[in-house]
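So you can see what is in the structure, the chains are spelled out below.
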Amino acid sequence: MPTINKIPRVGFISLGCPKATVDSERILTRLRAEGYLISPSYQDSDLVVVNTCGFIDSAIEESLDTIGEALRENGKVVVTGCLGAKGDTIKQVYPNVLSVTGPQATEEVMEAIHIHLPKPHDPYVDLVPPQGIRLTPQHYAYLKISEGCNHRCSFCIIPSMRGDLVSRSVGDIMQEAQNLVDAGVKELLVISQDTSAYGVDLKYRTGFWGGKPIKTRITELATALGELGVWVRLHYVYPYPHVDELIPLMSDLKIIPYLDIPFQHANARILKLMKRPANSENVLARIHQWRTICPEITLRSTFIVGFPGETEQEFQELLDFLEIAQLDRVGAFMYSPVEGAAANNLPDHISPEIQEERLARFMALQEKISADKLKQKIGKTLEVLVDEVDSEGAIARSHADAPEIDGLVYIDADQKTIRQGEFVKVRIVNSDQHDLWAELV
C-alpha cells in the first residue's frame, strides 16, 4: 500500500486492435485526472492493468501470457478488455487476478483500482490536457465513433463481447476531434466495429456542433470532420449502399481518398455461410464506379481463406476477384475457430496444410498486384505525413497508407530538414511490393 507521501503508480499494457487502444486511452486519461502516475515498468508499479484481446486463438494466448507475466513480475493485476468478457477463462487460469471486466469498462476498471490502490487525496485535473492521454504519436489519433455491432457474422464474436451498435453523439465526437486537432493531431483515423452504420441506432437524429445541425450519420459526420483541416481516414466500413455518398467527399479532398472495407470473400455460398453480403458482381461494379468518381482512391480490404467448406473452385473464385478488383492494400488470414462463433459448427473444416497453401497463393497474387500498382507511382510527387526521423532519413506515409497496417514511404533526407508530424512533398524514386522510397521536392 503506498504511503501518504507516495504518488501511486499504475503500469498499463494495451493489447489488440485500435478500438481497444481507444479504451486504454480513456482509462489512462481517468488515471491521470485522478492523480495516478503511469509507470513504464513492472518493478515501479503498485498495480498493473492489462487490456486484453480475445478475438482469435493467438490473441487469447498472447493475452493470457501477458497476464501471467504481469502476475509474476508485479503480483497485483487488473484485467479488462475483450478476453475479460470471458471472465471464467481468465479466472480458471489465473484465479489471483484482482478483477476481470469486459471491454468499454472504464468505470469498473477505476472502481477496482480504487479498491486495491486508493487514489491520491488531491486529483490534479489540470495535469490532463483536453485531448486526454493517448498511446499514439502526437500527430495522429484514433477517433472511435461507436461501440458494438448489429451484424452476426458467423466467424465473429464481437457482438457477444461488445454488444449491439451504440453510436456516440455527433457533438461529442466533433468536440473530441476538435480537441485533438487543437493539440497538434494531423490525422484522424475514424474507427468502430461498423463505421458506416453510425447513427442507425439513433435513427439518424439531428445533433449539433458549433451551433449548426448535423445529422447523426456517417456522410454528414465525415463532411463535418473534413472541415477541421486534417487528414480524415475511414476504417471498418461495411459496404452499405450509402457508402457511395462518401466517394465525392474523397474526390473533393474533404476526406482523404481511402476506404477500408472488409469484403472477407468473393464466393456467394461462402459469404452466405459467413453471413456477409453475397454479390461479388455488384462489389466489382461499385469499385469501378468509385474509381471513376475518384481515380486516386485507395481501397483496402481483408479476406479469410480456408473457411469451413471452401472448395478449390470457390477459392479460385476469390483469386479471380482479387485479379479483377486490383485492390491497393489487402490483408488475409487463415480461418481460425473462435470459441463461441457459429462457424465452429459448420461441416468440412479445411486442414491447416491446405489453408497455408491457399494463403500463400493468395498473398503471392496480391503482392504482384501491389508491386505493379506501387511501381506506377515512381516519378510522381506526393504529400506525405512524417512518422519518424533519424540519422538515416525519415519514415512517412501517404494518404494511401494507414499506420501499422499499410506501407511506408522512406525519405532520403537530412534530419535537420524534416520533422516528425509535418507534411512534406516528396518525389517517388523506387518501390517494392509494399513500400515506396522518395526524395524531398
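What counts and how
Counting restarts for each chain, with residues numbered from 1 along the sequence as it is written. Per-residue local features are limited, in this predicted model, to residues with pLDDT of at least 70; the limit for side-chain atom pairs, both in listing and counting, is 80 or more; totals at the level of whole chains, interfaces and linings are taken over all residues. Only hydrogens and water are removed before side-chain values are computed, so all heavy atoms of the structure are retained for them. Think of it this way: any DSSP run of H or I at least four residues long counts as a helix, any run of E at least two long counts as a strand, and we number them from the N terminus. Put simply, the radius of gyration uses C-alpha atoms, and a globule should come to 2.2 Å times the residue count raised to 0.38. For every residue, the accessible area obtained with a 1.4 Å probe (protein chains only) is divided by the maximum for its type, and the residue is called buried under 20%, exposed over 50%, and partly exposed between those limits. Contact criterion: two residues are considered in contact whenever any of their non-hydrogen atoms come within 4.5 Å of each other. Charge assignment: positive for Lys and Arg, negative for Asp and Glu; neither His nor the chain ends contribute. Charge positions are represented by NZ for Lys, CZ for Arg, CG for Asp and CD for Glu. For patch detection, residues must exceed 30% relative accessible area and be free of salt bridges, and they are connected within 9 Å for like charges or within 5 Å for nonpolar side chains (Val, Leu, Ile, Met, Phe, Trp, Tyr). For the area figures, the Shrake-Rupley method with a 1.4 Å probe applies, and any residue is considered shielded solely by the protein chains shown. Salt bridges are counted wherever a side-chain nitrogen of Lys or Arg sits within 4 Å of a carboxyl oxygen of Asp or Glu. Pairing of aromatic rings covers Phe, Tyr and Trp, the last through its six-membered ring, and needs centres within 6.5 Å; plane angles under 30 degrees mean stacked, over 60 mean edge-to-face, and all others mean tilted. Given the number of residues in a helix, its expected span is that number minus one, multiplied by 1.5 Å. By this definition, two strands are paired if DSSP reports at least two bridges between them. Think of each axis as a best-fit line through the C-alpha atoms, taken over the contacting stretch in the case of a helix, with angles from 0 to 180 degrees between the N-to-C directions. Nitrogen and oxygen atoms within 3.5 Å of one another constitute a polar contact, given that in protein one can donate a hydrogen and the other can accept it, and given that sequence-neighbouring residues count only through two side-chain atoms. In this scheme, roughly parallel covers angles under 35 degrees and roughly antiparallel covers those over 145, while 65 to 115 is roughly perpendicular and the rest are oblique. What makes a crossing left-handed is the near helix being turned counterclockwise from the far one by less than a right angle; a clockwise turn instead makes it right-handed. For this classification, the nonpolar set comprises Ala, Val, Leu, Ile, Met, Phe, Trp, Tyr, Cys and Pro, the charged set comprises Asp, Glu, Lys and Arg, and every other residue, Gly included, is treated as polar. Definition of nonpolar core: a set of buried residues of the types Ala, Val, Leu, Ile, Met, Phe, Trp, Tyr and Cys, connected through side-chain atoms within 4.5 Å.

Trainee: Looking at this structure, I do not really get the overall build of the protein chain. What am I missing?
Mentor: A tally of helices and strands in the protein chain yields twelve helices and 20 strands. For 441 residues, the compact-globule estimate of 2.2 N^0.38 gives 22 Å, and the protein chain sits close to it at 23 Å. By its C-alpha atoms, the protein chain is 65 × 55 × 50 Å across when sized along the principal axes. Looking at the protein chain as a whole, 54% of its 441 residues are labelled buried. Taking contacts inside the protein chain between residues at least 6 apart in sequence as the whole, the part at least 24 apart equals 73%. The centroid of the 44 positive side-chain charges in the protein chain is displaced by 5 Å from the centroid of its 61 negative side-chain charges.

Trainee: Explanation requested: a negative patch on the surface in the structure shown.
Mentor: Judged by side-chain charge, D57, E61, E62, D65, E69, E73 and E339 come together as a negatively charged surface patch. Within the secondary structure layout, E69 lies in helix 2 (residues 57–73).

Trainee: What is the right way to read the packing of aromatic side chains from this model?
Mentor: We describe a pair of aromatic rings using the distance from one ring centre to the other and the angle between the two ring planes. Across all of its chains, the model carries nine aromatic pairs by this definition. Taking 5.2 Å as the distance between ring centres and 75 degrees as the angle between the ring planes, the aromatic pair formed by F307 and Y335 counts as edge-to-face. With F307 in the loop between strand 14 (298–305) and helix 11 (312–325) and Y335 in the loop between strand 15 (329–334) and helix 12 (352–375), this pair connects stretches of sequence that are 28 residues apart. The same class applies to F307 as to Y335, namely buried. By way of ring pairs, the aromatic residues F263, F303, F321 and F362 are connected into one cluster.

Trainee: For this particular structure, what's the right way to read helix 1 (residues 18–33)?
Mentor: Three or four residues apart is the spacing at which side chains of an α-helix point the same way, because the helix has 3.6 residues per turn. Over its 16 residues, helix 1 runs 22 Å from end to end, which matches the ideal 22 Å to within 8%, given 1.5 Å per residue. Directly beyond the C-terminal end of helix 1, a positive phi value near 95 degrees is found at G35.

Trainee: Explanation requested: the sheet that holds strand 16 (residues 381–390) in the structure shown.
Mentor: The strands making up a sheet are joined through hydrogen bonds of the backbone, oriented either antiparallel or parallel. Strand order around the closed barrel formed by five strands is 16-17-18-20-19, with mixed pairing between neighbours. Ignoring strand direction, the axes of neighbouring strands in this sheet form an average angle of 50 degrees. Of the strand pairs in this sheet, strand 16 and strand 17 (residues 393–397) are connected by five bridges, and their pairing is antiparallel. Across the sheet, L385 pairs through a bridge with R397, a residue of strand 17.

Trainee: So what exactly am I meant to see when it comes to the sheet that holds strand 5 (residues 99–100) here?
Mentor: Taken in spatial order, the five strands of this open sheet run 2-1-3-4-5, and their pairing is parallel. The strands lining the two open edges of the sheet, one partner per strand, are strand 2 (37–39) and strand 5. This element, helix 2, spans strand 1 (9–14), strand 3 (47–52) and strand 4 (77–81) of the sheet and lies at about 180 degrees to strand 3. Contacts from helix 4 (residues 106–116) reach strand 3, strand 4 and strand 5 within the one sheet, and its direction differs from that of strand 3 by about 160 degrees.

Trainee: Help me understand the side chain of H151 in this model?
Mentor: With respect to the helices and strands, the residue H151 is situated in the loop between strand 7 (146–147) and helix 5 (158–162). A polar side-chain atom of H151 sits 3.2 Å from a polar atom in the side chain of D194. Once you skip the residues sitting within four places of it in the chain, H151 turns out to touch P159, D194, Y238 and Y240.

Trainee: Would you take a moment to explain the packing of helix 6 (residues 170–182) against helix 7 (residues 218–225) for this structure?
Mentor: When two helices pack together, you describe them by how their axes are tilted relative to each other and by the distance separating the axes. At a minimum axis separation of 11 Å, helix 6 and helix 7 run at an interaxial angle of 25 degrees. Comparing the axis directions of helix 6 and helix 7 gives the class roughly parallel. Between helix 6 and helix 7 lies a crossing of right-handed hand. Residue-level contacts link V170, I173, M174 and A177 of helix 6 to L221, A224 and L225 of helix 7. Classifying every residue of the contact of helix 6 with helix 7 by side-chain character gives seven nonpolar, no polar and no charged.

Trainee: Quick question: what am I supposed to make of the pattern of salt bridges here?
Mentor: One side chain can pair with another of opposite charge once the charged atoms of both are near each other. Under the criterion given, the structure shown has 25 salt bridges. Its salt-bridge partner being D328, residue R291 comes within 3.8 Å of it at the nearest N-O pair. In this pair, R291 sits in helix 10 (residues 280–293) while D328 sits in the loop between helix 11 and strand 15, placing the two residues 37 residues apart along the sequence. On the basis of relative accessibility, which here comes to 22%, the residue R291 falls in the partly exposed class. A salt bridge links E357 to R361, with the nearest nitrogen and oxygen atoms 3.0 Å apart. On the criterion of helical spacing, the pair formed by E357 and R361 is a turn pair, its members being four residues apart in helix 12.

Trainee: Help me understand the nonpolar core, please; the structure alone is not making it clear to me.
Mentor: Among the nonpolar cores identified, the biggest contains 58 residues, and L225, L259 and F362 are the most heavily contacted of them. The contact partners of L225, leaving out residues within four places of it in the chain, are L143, M174, A177, L188, V190 and V232.

Trainee: I keep staring at the pairing of strand 11 (residues 212–215) and nothing clicks. Help me out?
Mentor: Every regular strand shows the same layout, with side chains that alternate between the two sheet faces. Taken together, the four bridges between strand 10 (residues 206–209) and strand 11 define a ladder with antiparallel strand orientation. Each residue of the ladder has a partner; that of T206, found in strand 11, is K215. The hairpin turn running from strand 10 into strand 11, its antiparallel successor, is two residues long, and G210 in that turn takes a positive phi close to 60 degrees.

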